[in-house]
Amino acid sequence: MGISQNSKRYKPTDKSGDTLVTERLKALSVRWKRFGYRRLHVMLLREGFEINHKKTYRLYKDAGLTLQKRSKKKKYEKRGMPERTAKEMNARWSMDFVSDRTRYGSNIRVLTVIDEVTRECLALEVDSSLSGRRVSAVLNRIALFRGLPKEILTDNGSEFTSNVMNAWAYDHKVEHIFTDPGKPMQNGYIESFNGKLRAECLNQHWFQSLSEAREIIENWRLEYNRIRPHSSLDNLTPEEYALKLSSCY
């Protein structure tokens, strides 16, 4: 057009209308908390605002109204091989499940809980099925005579990853560590204990009923803690080793 670039300047448009749109976006976001910018844009058009979706998105983002995406996967703070440096009781409890059957084919499920340092078996909960709520109840029962642990270590079974267990760990300020999927030996202490339970108790009995299984398995737990020498504890029983530790601290 023959006009010098030095004489032509861009004149910014009046943005006073943007403030009005932003305020209206904020008001709509309060009313419709889970609406994204696209739905809010439709609401603005219904109210007579002349605005395109790009500008709506810019003002929506500048106002800090962007929705946080809800993650479908649970996020675990700690996962993988835990450190094995603890030397005091209740530093970490390990848990797992062992399965068996009665002579008539009924399911037997055993929740095993041990103290990693003293190797004491704190509980062997026996039933046909055990939920996350039942697991948390067992932990509360142990805590009555034992106190709470600093950490618990489990695999990724549904009972351990349940909302009930998540709430229990949070409420009691206990750190819940999960092994990596498909790597049971990251929880090697409980795997070793489960092997002893199966070889020395479950494989030695043909349980007629669930009540008989409870009685026999509990008797074995008491013998394990009080009578059975443990090679890794210098052939002391777990209870003897726990008593020795308590006298040192």
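Residues numbered from 1 in each chain as written. Predicted model: local features only at pLDDT ≥ 70, side-chain atom pairs only at ≥ 80, totals over all residues. Heavy atoms only, no water.

> So, the overall build of the protein: which residues are in play, and what are the values?
A tally of regular secondary structure across the protein gives eight helices and six strands. Taking all 249 residues of the protein together, 39% fall into the buried category. Put simply, 61% of the contacts in the protein that link residues at least 6 apart link residues at least 24 apart. (Helix = DSSP H or I, 4+ residues; strand = E, 2+ residues; numbered from the N terminus. Buried < 20%, exposed > 50% of the residue type's maximum accessible area, 1.4 Å probe, protein only. Contact = heavy atoms within 4.5 Å.)

> Now, about the packing of helix H2 (residues 37-46) against helix H3 (residues 53-62): what can you tell me, with residues and values included?
Their axes nearest at 10 Å, the elements H2 and H3 cross at an angle of 115 degrees. In this structure, the crossing between H2 and H3 has a hand that is right-handed. For the pair formed by H2 and H3, the contact residues are Tyr37, Leu40, His41 and Leu44 on the first element and His53, Thr56, Tyr57 and Tyr60 on the second. The residue makeup of the contact of H2 with H3, split by class, is five nonpolar, three polar and no charged. (Axes fitted to C-alpha atoms, helices over the stretch in contact; angles between N-to-C directions. Left-handed = near helix turned anticlockwise from the far one by under 90°. Nonpolar A, V, L, I, M, F, W, Y, C, P; charged D, E, K, R; others polar.)

> Quick one: what's the story with the nonpolar core, residue by residue and with numbers?
Counting 19 residues, the largest nonpolar core has Met95, Leu111, Val113 and Val135 as the members making the most contacts within it. Among the secondary structure elements, those contributing two or more residues to this core are strand S2 (92-101), strand S3 (107-115), strand S4 (121-127), helix H4 (132-146) and helix H5 (163-171). Within the second largest apolar cluster, 17 residues are counted, among which are Val98, Ile114, Cys121 and Leu202. (Core = buried A, V, L, I, M, F, W, Y, C linked by side-chain atoms within 4.5 Å.)

> Explain the packing of aromatic side chains to me, and be specific about the residues and the numbers.
All told, the structure shown has six aromatic pairs when counted by the stated rule. Aromatic side chains phenylalanine 193 and tryptophan 220 sit 5.7 Å apart centroid to centroid with 55 degrees between the ring planes, which places their arrangement in the tilted category. Within this pair, whereas phenylalanine 193 is found in helix H6 (residues 188-200), its partner tryptophan 220 is found in helix H7 (residues 210-226), the two being separated by 27 residues in sequence. Considered together, phenylalanine 193 and tryptophan 220 belong to a single accessibility category, that of buried residues. Counting every residue linked through ring pairs, the aromatic cluster contains Tyr37, Tyr57 and Tyr60. Here the basic side chain of arginine 103 rests over the ring of tryptophan 206, its NZ or CZ set 4.6 Å away from the ring centre. Across the ring face of phenylalanine 97, the terminal group of arginine 109 is positioned such that the distance to the ring centre comes to 4.2 Å. (Phe/Tyr/Trp six-rings, centres within 6.5 Å; stacked < 30°, edge-to-face > 60°. Lys NZ or Arg CZ within 6 Å of the ring centre and 35° of its normal.)

> I'd like to hear about the pattern of salt bridges, residue by residue, with values.
Tallying each qualifying case throughout the model produces 16 salt bridges. Residue glutamate 151 pairs with arginine 92 through a salt bridge whose shortest N-O separation is 2.9 Å. Taken as a pair, glutamate 151 in strand S5 (residues 151-154) and arginine 92 in strand S2 lie far apart in primary sequence, 59 residues in all. With a relative accessible area of 14%, glutamate 151 lands in the buried category. Classification of arginine 92 by relative accessible area gives buried; the value is 8%. In this structure, glutamate 239 and arginine 226 form a salt bridge, with 3.5 Å as the shortest nitrogen-oxygen distance. Taken as a pair, glutamate 239 in helix H8 (residues 238-248) and arginine 226 in helix H7 lie far apart in primary sequence, 13 residues in all. (Salt bridge = Lys/Arg side-chain N within 4 Å of Asp/Glu carboxyl O.)

> A description of H5 should follow, citing residues and the corresponding values.
Where H5 is concerned, the buried positions are Met165, Trp168 and Ala169. Angularly, the buried residues of H5 cover 95 degrees about the axis, an arc narrow enough to put them on a single face. Away from its buried face, by an angle of more than 90 degrees, H5 presents the exposed residues Asn163, Asn166, Tyr170 and Asp171. Contact partners of the buried residues in H5: S2, H4, S5 and strand S6 (175-178). After H5 finishes, the residue lysine 173 shows a positive phi value of roughly 55 degrees. (Arc of directions from axis to C-beta.)

> Please give an account of H4 that cites residues and values.
Compared with the 21 Å implied by 1.5 Å per residue over 15 residues, the 21 Å span of H4 between its first and last C-alpha is a close match. Turning to H4, its buried residues number three or more, namely Gly132, Val135, Ser136, Val138, Leu139, Ile142 and Arg146. In an axial view of H4, the angular spread of the buried residues amounts to 155 degrees, which keeps them on one side of the axis. Exposed side chains of H4 directed beyond 90 degrees from the buried face belong to Arg133, Leu144 and Phe145. (Expected span 1.5 Å × (residues − 1).)

> If you had to explain unusual backbone geometry to someone new, which residues and values would you point to?
For arginine 119, which is not glycine, the phi dihedral falls at a positive 65 degrees. As for its placement among the helices and strands, arginine 119 is situated in the loop between S3 and S4. Residue classification places arginine 119 among the buried positions, given a relative accessible area of 14%. Within the chain, asparagine 235 stands out as a residue other than glycine whose phi angle is a positive 65 degrees. Looking at where asparagine 235 falls in the secondary structure, it is placed in the loop between H7 and H8. Asparagine 235 sits in the exposed class, given a relative accessible area of 54%.

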